[in-house]
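# Fold and contact review
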Amino acid sequence: MMHPSAAELLAWYDRAARRLAWRETAPDPYRIWVSEVMLQQTTVAAVGPRYDRFLARFPDVAALAAADWSELAEEWAGLGYYARARNLHAAARAIVAAGGFPADSAGWRALPGIGPYTASAIGAIALGEPLVPLDGNVERVVARLFAIETPLPSAKPELGRLADGFTAQPEMRARPGDFAQALFDLGATICTPRSPACVLCPWRADCRAAARGIAAELPRKSPKAARTALHGVHFALLDAKGRILLERRPESGLLGGMLALPGTPWRAEPWGEAEALAHAPRPGLAWEARPGVAQHGFTHRELTMRVMLARVPALPEGVPMEQAARSLPSAMKKLLPLL
């Protein structure tokens, strides 16, 4: 298939590129890596301020590697998909132990948590390798350019081959990082999931889906599987100074390594009050079931939580409520209004 001109897209990018924090300086592997990990399953609008705050706290890979997990977990709270933060920490320590960053995308691919997309993004943007990172924006652009009607995720291999076809153009090979980011911007601002602004697209004349009037219908997607329902009960132990007892969840599983209110395991069946109390941090207290439930959706699971409350005069190991509100992941924060 004939590919549209990389030069046309790059000319559009030179005029219309989004101003993003990780583009404000010369491409740096650490900054590109952090931004790409943060952007996974998270919007640019949400990441912007958190990216600046993260770099202020961990300005380079050595600072990140030297940090305790509790520091990183606190900084990542609210960004979701917490396995990303654990892998970021492990990879930082591996990089420092190796004496520096990998020299190419293949080296990055060998690090914890670095998949094909992230390795390609770092390779193209930070290292100048002629690679086309295939994220959701790029998949959408390519599916529409070539009118690929095979549903995702089955279409991914074909979309990847078509995206790689751009590497034959010398203009793309001269500016692979800018080309990758131009594709990201085209998908985010013009070739959007709904109501694409085809009239503004630099590739409109070459887009087969636009010519057939089906751009807004692509890419097609296979029906999503229903989320698995999970249930849990959590325990809020407070003292007279407003401190609350928190614990760190096990390293593996949902919210692994993050702070949480103590509670039952999460399971498919709702918990009865009596069996849930066997998991209370202090079983002998007068635990009161609070009204209402908190719900939180993970990628493939829907979690419903209830909360029980008890009070003690003093809880030296407790955390002030305002600190808990900052440090808890989003799912756990949803329990606080129930108190």
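Just so it is clear, the model here is predicted, and its values are computed rather than measured. (Residues numbered from 1 in each chain as written. Predicted model: local features only at pLDDT ≥ 70, side-chain atom pairs only at ≥ 80, totals over all residues. Heavy atoms only, no water.)

### So, the nonpolar core
Let me state the cut-off plainly: In this text, buried Ala, Val, Leu, Ile, Met, Phe, Trp, Tyr and Cys residues form a nonpolar core when linked through side-chain atoms within 4.5 Å. Each residue is assigned to one of three classes by its accessible area relative to the maximum for its type, calculated with a 1.4 Å probe on protein chains only: buried under 20%, partly exposed between the two thresholds, exposed over 50%. Put simply, DSSP H or I for four residues or longer makes a helix, DSSP E for two residues or longer makes a strand, and each gets a number counted from the N terminus. Any pair of residues with heavy atoms lying within 4.5 Å of one another is described as a contacting pair.
Counting residues in hydrophobic clusters, the biggest one holds 99 residues, and the most contacted among them are W33, F54, W76, F179 and W203. If one sorts the elements of this core by residue count, helix α2 (residues 29-39) sits on top with seven residues. Not counting the four nearest positions on each side in its chain, W76 is found in contact with V37, M38, R50, F54, Y81, Y82, R84, A85 and L88. Grouped together as the second largest cluster of nonpolar side chains are 12 residues, W271, A276, A280 and V312 included.

### Regarding empty space enclosed by the protein
Filter applied, for reference: A 1.4 Å probe that fits but cannot get out identifies a cavity on a 1 Å grid over protein atoms alone, an open set with protein on both sides within 12 Å along at least five of seven lines counts as a pocket, and a residue lines either if it has an atom within 4 Å of a point. Grid points are joined across faces, edges and corners, and a volume is the space filled by probe spheres set on the points. Three categories are distinguished: nonpolar for Ala, Val, Leu, Ile, Met, Phe, Trp, Tyr, Cys and Pro, charged for Asp, Glu, Lys and Arg, and polar for the others, with Gly belonging to the last.
Evaluated as defined, the whole model comprises one cavity of 30 Å³ or more. Its boundaries defined by the atoms lining it, the largest cavity holds a volume of some 130 Å³. Forming the walls of the largest cavity are 14 residues, and the residues nearest its centre are R144, C191, C198, C201 and C207. Of all the elements, helix α9 (residues 136-145) adds the most residues to the lining of the largest cavity, at three residues. Class assignment of the residues belonging to the lining of the largest cavity gives a composition of 12 nonpolar, no polar and two charged.

### Section: the state of the cysteines
Selection rule: Put simply, a disulfide is two cysteine sulfurs that come within 2.5 Å.
Taken as a whole and assessed by the stated rule, the structure comprises zero disulfides. Free of any disulfide, C191 has its nearest cysteine sulfur in C201, 6.3 Å distant.

### Observations concerning the environment of S120
So the rule is basically this: Contacts described as polar in this section are N or O atom pairs within 3.5 Å, which, within protein, must combine one atom able to donate a hydrogen with one able to accept it, while residues neighboring in sequence count only if both atoms come from side chains.
Along the chain, S120 falls in helix α8 (residues 116-125). The sequence separation of S120 and S105 amounts to 15 residues, and the corresponding C-alpha distance is 6.0 Å. A polar contact of 2.9 Å, which involves the side chain of S120, links it to the backbone oxygen of P116.

### Considerations on unusual backbone geometry
The omega angle of the peptide bond from L152 to P153 is 5°, so this bond is cis rather than trans. With respect to the element layout, P153 can be found in the loop between α9 and α10 (156-164). A cis amide bond, omega -5°, links L218 with the succeeding residue P219. Mapping P219 onto the fold places it in the loop between α13 (208-212) and β1 (228-239). Although it is not a glycine, S195 adopts a positive phi angle of roughly 50°. Positionally, S195 belongs in the loop between α12 (176-189) and α13.

### Remarks on the pairing of strand β7 (residues 301-312)
Condition: Strand pairing is defined by DSSP finding a minimum of two bridges between the two strands.
Two elements, β1 and β7, share 12 bridges in a ladder whose sense is parallel. Across the sheet, L238 pairs through a bridge with R311, a residue of β7. Of the strand pairs in this sheet, strand β5 (residues 288-289) and β7 are connected by two bridges, and their pairing is antiparallel. Note that in β7 the partner of E288 across the bridge is L309. The pairing of strand β6 (residues 294-297) with β7 spans four bridges and is antiparallel. Counted as the bridge partner of A294 is M305 from β7. Once β6 ends, the chain turns through three residues before running back antiparallel as β7.

### Focus: the packing of α8 against α12
The criterion, for reference: Note on geometry: axes are C-alpha line fits, over the in-contact stretch for helices, and angles between N-to-C directions span 0 to 180 degrees. In these notes the angle categories are as follows: under 35 degrees is roughly parallel, over 145 is roughly antiparallel, 65 to 115 is roughly perpendicular, and the rest is oblique.
One way to put it is that α8 packs onto α12 with a least axis distance of 7 Å and a crossing angle of 125°. In terms of their interaxial angle, α8 and α12 are classed as oblique. On α12, the residues that touch Y117, A124 and I125 of α8 are P176, G177, A180, Q181 and F184. Across the contact of α8 with α12, the residue classes break down as six nonpolar, two polar and no charged.

Remember that the coordinates give geometry; whether it matters functionally is a separate question.
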